[in-house]
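Secondary and tertiary structure notes
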Protein chains: 2
Amino acid sequence: MKRAFALADLTTPCLLLDRSKVQRNCGRMSMRLKGLGVGLRPHMKTAKCAEVAALATDGHSGAITVSTLVEALWFAQRNFDDILYAVGMSADKLPLAVQVLEAGAELLITVDNPWSASAVAKAAAAAGVELPVLIEIDCGQHRAGVAADGDTLLQVADALHRTGTRVAGVMTHAGHSYCCNSPAEIETVAEQERAAACLAAERLGQSGHSCSTISAGSTPTATYGRHYRGLTELRPGVYQFGDLYQAGLKSCSLDDIAATVLATVTGHHRRAGHAIVDAGALALSKDIGAQRFEQDFGYGLVCDIDGTPLHPRVSVAHVEQEHGLLRGTNATELFRQAPIGSKVRILPNHVCMTAAAYPGYHLVAESQLVDFWPRCGGW
Amino acid sequence: MKRAFALADLTTPCLLLDRSKVQRNCGRMSMRLKGLGVGLRPHMKTAKCAEVAALATDGHSGAITVSTLVEALWFAQRNFDDILYAVGMSADKLPLAVQVLEAGAELLITVDNPWSASAVAKAAAAAGVELPVLIEIDCGQHRAGVAADGDTLLQVADALHRTGTRVAGVMTHAGHSYCCNSPAEIETVAEQERAAACLAAERLGQSGHSCSTISAGSTPTATYGRHYRGLTELRPGVYQFGDLYQAGLKSCSLDDIAATVLATVTGHHRRAGHAIVDAGALALSKDIGAQRFEQDFGYGLVCDIDGTPLHPRVSVAHVEQEHGLLRGTNATELFRQAPIGSKVRILPNHVCMTAAAYPGYHLVAESQLVDFWPRCGGW
């Protein structure tokens, strides 16, 4: 039989997505949050793909989260009509927000300071549009956001109120869950995240600002929180694909990792003991975060063309712009399993960074190519 | 006067290119290599932009180097007709190479092993095209390439000869120049690079393979080599833009850095002492190589909107997907110089990685926007 759509025929490097794995990952999170009685507003910053968003929102309200306004516009144009832009808004981005509204979506934006609140509210008023606002709470990561128990929270709400802007609620993100060393620690952080969002909402309510949205979440805290009482929704994202970092956190298993980079072996450097592939720093990213868990994850873990990790383990030990150098404990075995001209699949360290280099996903089902799903990028 | 094309009006993050700096950088390298009597085949892997290639090749043959075949095709379609693909070729990429030829360019390819040599030569013969080959030499980096004094060099040449493929010469890249600690060390590596290429060419000549191209080069070795006798050309690339890594190597000064990321300050986290910008890991890349030279380069060095570094020094200390956290020695001063809503420019650590996130360059001359130069990406 002619294998017209075989993986081996793809030009490399390229990005593969295993359909059954992404379906399983999405279904598991959806069921879990349904069971715990909290809404799911999946973060699409990883996938940036309408087909994946359809899987992730299945059985929920259809609400999504995005990391850029270009992403918001992409989804608004594909019939997603309830979108939270979860990065601090600035007034200069108002024209893009207006485009999102014109495409037919409701857009929730985020601010964490009175200055931005006023500037954005005034720009929206001048453009004649309504942009309901979530106030961002710092639940312990100390990246952005105001303290749930501090004065700034109410100052931001007042600044919005003065310009006639609706305070739609609060949002927080426990990014410090990524620093945890066990599911038990993640559970503790999930409770911090929940409690901070609920406290902030309660204080706003006491000041006359009713919060219809009380939003929290990251993949680890959505995976290991004991309960989410008081929250209206969670915003995990990377769980849709998984990666080596999430596997290190135990938010997924290696077998759950749905997105992989297909690469071609272009040479063997026998004296140095490595194989060379055509997936380097641009194709994989230079994120080495997963080395926190296992040094030998390198820039990615190497599998055969069917997605099974090579044994003994082989990783991308070094990257340059278009070169990846594969090393394992046994070079002879590496050269035998990855001959020149053959294809390998690489599990990414941090799939949000890796996927951003590609225009879309070659969808794989039972080792055959079945579709191409485009993704958006840029700003 | 209405500033219709002011920097402050751009949607951020975006990529700026200072016209006078890129002209100066290109002119300096061009003059130097002309003075030393060696050809310049600039590597376009950093800029990936036809307008920059025109500046870089000005006064030379017009030959260029590329890092992907998509890049080769982009330039072939823009009237560059002498292109070296400087990454090890594999047979599966033959269809792209054929497209480059059909666009009217001569394409030189690179191999470093008999297996690839045979496979590529056979694929080219089957497609009815001629692809002259350079054999890649390992001059000390131990990334790819064969030893200049070893048997494999002649085995590769013989494999090519057997399939009727023309051996056009040799190429090498002293990537280990990036590990040097002084211009004197770089000069030594430049001589290793030159000597390896010349030895390999001499040995091929003795075996009946005349080398019309003897190609070497990296930005550091093209900057600090004492002479290049015996080489026909050098292939530096990142010198066109410069970056913090090259500044650390003393291949450029901070003032030479031509490509910068424009970002908006979206918040101040007063307790944590950082400002937040909308240029994070995707906008800057996660390359931290320049920290080898100065820890406080972080993920980039922060300048005001006119490109002058803030004082005291401020860097992007931490990045997440769409967040960059700016820190300096004096937070009060940072908040004063970078108020919420203002714009900053960020000098990149490794511009090849950073530029890859963008569709092109907003060209800046005397602090005004004067053009947009598109760039290619992907594979």
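Keep in mind that what you see is a predicted model, and the values were worked out from it rather than measured. (Residues numbered from 1 in each chain as written. Chains lettered and ligands numbered in written order. Predicted model: local features only at pLDDT ≥ 70, side-chain atom pairs only at ≥ 80, totals over all residues. Heavy atoms only, no water.)

Summing up its helical and strand segments, chain A has twelve helices and 17 strands in all. Here the C-alpha atoms of chain A give a radius of gyration of 22 Å, agreeing with the 21 Å that 2.2 N^0.38 yields for 379 residues. Projected onto its principal axes, the C-alpha coordinates of chain A cover approximately 70 × 40 × 35 Å. By residue count, 63% of the 379 residues in chain A fall in the buried class. Between the centroid of the 33 positive side chains of chain A and the centroid of its 37 negative side chains there is a distance of 4 Å. (Helix = DSSP H or I, 4+ residues; strand = E, 2+ residues; numbered from the N terminus. Rg over C-alpha atoms; globule rule 2.2 N^0.38 Å. Buried < 20%, exposed > 50% of the residue type's maximum accessible area, 1.4 Å probe, protein only. Lys, Arg positive; Asp, Glu negative; His and termini not counted. Charge placed at Lys NZ, Arg CZ, Asp CG, Glu CD.)

Turning our attention to the sheet that holds strand β6 (residues 133-137) of chain A. Residues and elements named next belong to chain A. Taken together, eight strands build an open sheet; the order of strands is β2-β9-β8-β7-β6-β5-β4-β3 and the sheet is parallel. Across the chains shown, the open sheet's two edge strands, defined by having one partner strand only, are β2 (39-40) and β3 (64-66). Where strand β8 (residues 213-216) lies against strand β9 (residues 233-234), two bridges are found, and the strand directions are parallel. By the bridge assignment for β9, Ala216 is matched with Leu234. Its contacts with the sheet put helix α3 (residues 69-76) on β3, β4 (82-85) and β5 (106-111), and the angle it makes with β3 is roughly 145°. (Pairing = 2+ DSSP bridges. Contact = heavy atoms within 4.5 Å. Axes fitted to C-alpha atoms, helices over the stretch in contact; angles between N-to-C directions.)

A word on the domain arrangement of chain A. Residues and elements named next belong to chain A. Partitioning chain A into structural domains gives domain 1 (36-241) and domain 2 (258-374). A separation of 34 Å is found between the C-alpha centroids of domain 1 and domain 2. Taken over both partners, the interface formed by domain 1 and domain 2 buries close to 990 Å², and the fraction arising from carbon and sulfur atoms is 63%. When residues of domain 1 are sorted by the area they lose upon contact with domain 2, Thr46, Glu51 and Phe241 head the list and together hold 46% of the total. (Domains from an automatic or database assignment. Buried area = accessible area lost by both parts, 1.4 Å probe.)

This brings us to the relation of the copies chain A and chain B. It takes a turn of 180° to lay chain A on chain B, together with a shift of 0.0 Å along the axis; the resulting RMSD is 0.0 Å. Here the transformation between the copies is reduced to the relation of a two-fold axis. Residue Lys286(A) of chain A places its C-alpha closer to the rotation axis than any other residue of that unit, at 2.8 Å. Comparing interface residues between copies, 100% of those in chain A also lie at the interface in chain B; the contact surface is shared. (Least-squares fit on C-alpha atoms with pLDDT ≥ 70 in both.)

Right, let's talk about the confidence of the model for chain A for a bit. Of the residues in chain A, 99% reach a pLDDT of 70 or more, and the chain-wide mean stands at 96. Both scores are available for the predicted complex, with the pTM at 0.97 and the ipTM at 0.97. (pLDDT = per-residue confidence, 0-100.)

Our focus in this paragraph is the layout of surface pockets. Rolled over the atoms, a probe with the dimensions of a water molecule shows which regions are left empty. Put simply, the second largest pocket is a space of about 890 Å³. Along the walls of the second largest pocket sit 40 residues, with Ala356(A), Ala357(A), Tyr358(A), Ala356(B) and Ala357(B) positioned nearest its centre. Looking at the lining of the second largest pocket, the elements that each hand over two or more residues are β1 (14-18), α10 (281-284) and β16 (360-365) of chain A together with α10 (281-284) and α12 (351-355) of chain B. Residue composition of the lining of the second largest pocket, by class: 22 nonpolar, eleven polar and seven charged. (1 Å grid on protein atoms, 1.4 Å probe; cavity = no way out; pocket = protein on both sides within 12 Å on 5 of 7 lines; lining within 4 Å. Points joined across faces, edges and corners; volume = space filled by probe spheres on them. Nonpolar A, V, L, I, M, F, W, Y, C, P; charged D, E, K, R; others polar.)

All right, on to the interface of chain A and chain B then. Taken together, the contact between chain A and chain B spans 54 residues of the former and 54 residues of the latter. A buried area of about 4500 Å², summed over both sides, lies between chain A and chain B, and 58% of it is on carbon and sulfur atoms. Area buried by chain A at its contact with chain B is led by Arg143(A), Gln321(A) and Trp379(A), which between them contribute 18% of it. As a salt-bridge pair, Lys286(B) and Asp287(A) come within 2.9 Å of each other at their nearest N and O atoms. Per-element tally for the side of chain A that touches chain B: the top contributor is strand β10 (residues 259-269) of chain A, with four residues. A breakdown of the residues in the side of chain A that touches chain B according to their chemical character gives 20 nonpolar, 20 polar and 14 charged. (Salt bridge = Lys/Arg side-chain N within 4 Å of Asp/Glu carboxyl O.)

Hydrogen bonds between backbone groups are what pair the strands of a sheet, and the pairing can be parallel or antiparallel. All names here are of chain B. Judged by pairing direction, the sheet is parallel, and its eight strands sit side by side in the order β2-β9-β8-β7-β6-β5-β4-β3 without closing on themselves. The two strands at the open ends of the sheet, each matched to only one other strand, are β2 (39-40) and β3 (64-66). Sheet contacts for helix α3 (residues 69-76): β3, β4 (82-88) and β5 (106-111); angle to β3, the most-contacted strand, approximately 145°.

Residue and element names in this part refer to chain B. Note that Ala201 resides in helix α7 (residues 183-206). Of the residues examined, Ala201 reaches a relative accessible area of 9% and is grouped as buried. Sequence separation of Ala201 and Cys211 is ten residues, and the distance between their C-alpha atoms is 6.0 Å. Once residues within four sequence positions are removed from consideration, Ala201 is found in contact with Val170, Cys211 and Ile214.

So, on to the pairing of strand β17 (residues 368-374) of chain B. Residues and elements named next belong to chain B. Note that strand β16 (residues 360-365) and β17 share six bridges and pair antiparallel. Pairing of Gly360 across the sheet is with Pro374, part of β17. The hairpin formed by β16 and β17 contains two residues between the paired strands, and Glu366 there has a positive phi angle of roughly 50°.

Let us look at unusual backbone geometry. Cis peptide bonds are those with omega within 30 degrees of zero, and the linkage from His311(A) to Pro312(A) qualifies with 0°. With respect to the helices, strands and loops of the structure, Pro312(A) is situated in the loop between β12 (300-303) and β13 (314-320). The phi dihedral of Lys250(B) falls on the positive side, at around 70°, and the residue is not glycine. Secondary-structure assignment places Lys250(B) in the loop between α9 (244-249) and β10 (259-269).

Moving on to the packing of aromatic side chains. Inspection of the entire model under this criterion finds ten aromatic pairs over all chains. Taking 5.5 Å as the distance between ring centres and 90° as the angle between the ring planes, the aromatic pair formed by Phe75(A) and Phe80(A) counts as edge-to-face. One exposure class covers both Phe75(A) and Phe80(A), and it is buried. On the basis of an interplanar angle of 25° and a centroid distance of 5.6 Å, the ring pair of Tyr178(B) and Tyr245(B) is categorised as stacked. Placement of Tyr178(B) in the loop between β7 (167-172) and α7 and of Tyr245(B) in helix α9 is noted, with a sequence separation of 67 residues between them. Ring-pair connections join several aromatic residues into one group, and the members of that group are Tyr178(A), Tyr245(A) and Phe293(A). Above the plane of the ring of Trp74(B) lies Arg78(B), whose end atom (NZ or CZ) is 3.6 Å from the centre. (Phe/Tyr/Trp six-rings, centres within 6.5 Å; stacked < 30°, edge-to-face > 60°. Lys NZ or Arg CZ within 6 Å of the ring centre and 35° of its normal.)

The next subject is helix α4 (residues 94-102) of chain A. Residue and element names in this part refer to chain A. When α4 is considered as a whole, its buried residues turn out to be Leu94, Leu96, Ala97, Val98 and Val100. Contacts from the buried residues of α4 go to α3, β5 and α5 (114-127). Gly104 sits one or two residues past α4 and shows a positive phi near 105°.

When a strand is regular, its side chains alternate between the sheet's two faces. All names here are of chain B. Taken together, the three bridges between strand β11 (residues 274-277) and strand β14 (residues 323-328) define a ladder with antiparallel strand orientation. In the strand pairing of β14, Ala275 is matched with Leu326. Sheet topology places strand β13 (residues 314-320) next to β14; six bridges connect them, and they run antiparallel. Its bridge partner lying in β14, Val314 is registered against Gly328. Joining the antiparallel neighbours β13 and β14 is a turn of two residues.

Two side chains carrying opposite charge are able to pair once their charged atoms lie near each other. The tally for this structure, following the rule as stated, stands at 38 salt bridges over all chains. For Arg194(A), the salt bridge identified is with Glu191(A), shortest N-O distance 2.8 Å. Taken together, the residues Arg194(A) and Glu191(A), both in helix α7 (residues 183-206) and three residues apart, mark about one turn of the helix. According to the relative accessible area criterion, Glu191(A) is partly exposed, its value standing at 33%. Across the pair Asp278(A) and Lys93(B) runs a salt bridge whose closest N-O atoms are separated by 2.4 Å. With Asp278(A) in the loop between β11 (274-277) and α10 and Lys93(B) in the loop between β4 and α4 (94-102), this pair bridges two chains. By relative accessible area, Asp278(A) is classed as buried at 5%. Connected through salt bridges with shared partners, the residues Lys21(A), Arg24(A), Arg28(A), Asp255(A) and Asp256(A) form a single ionic network.

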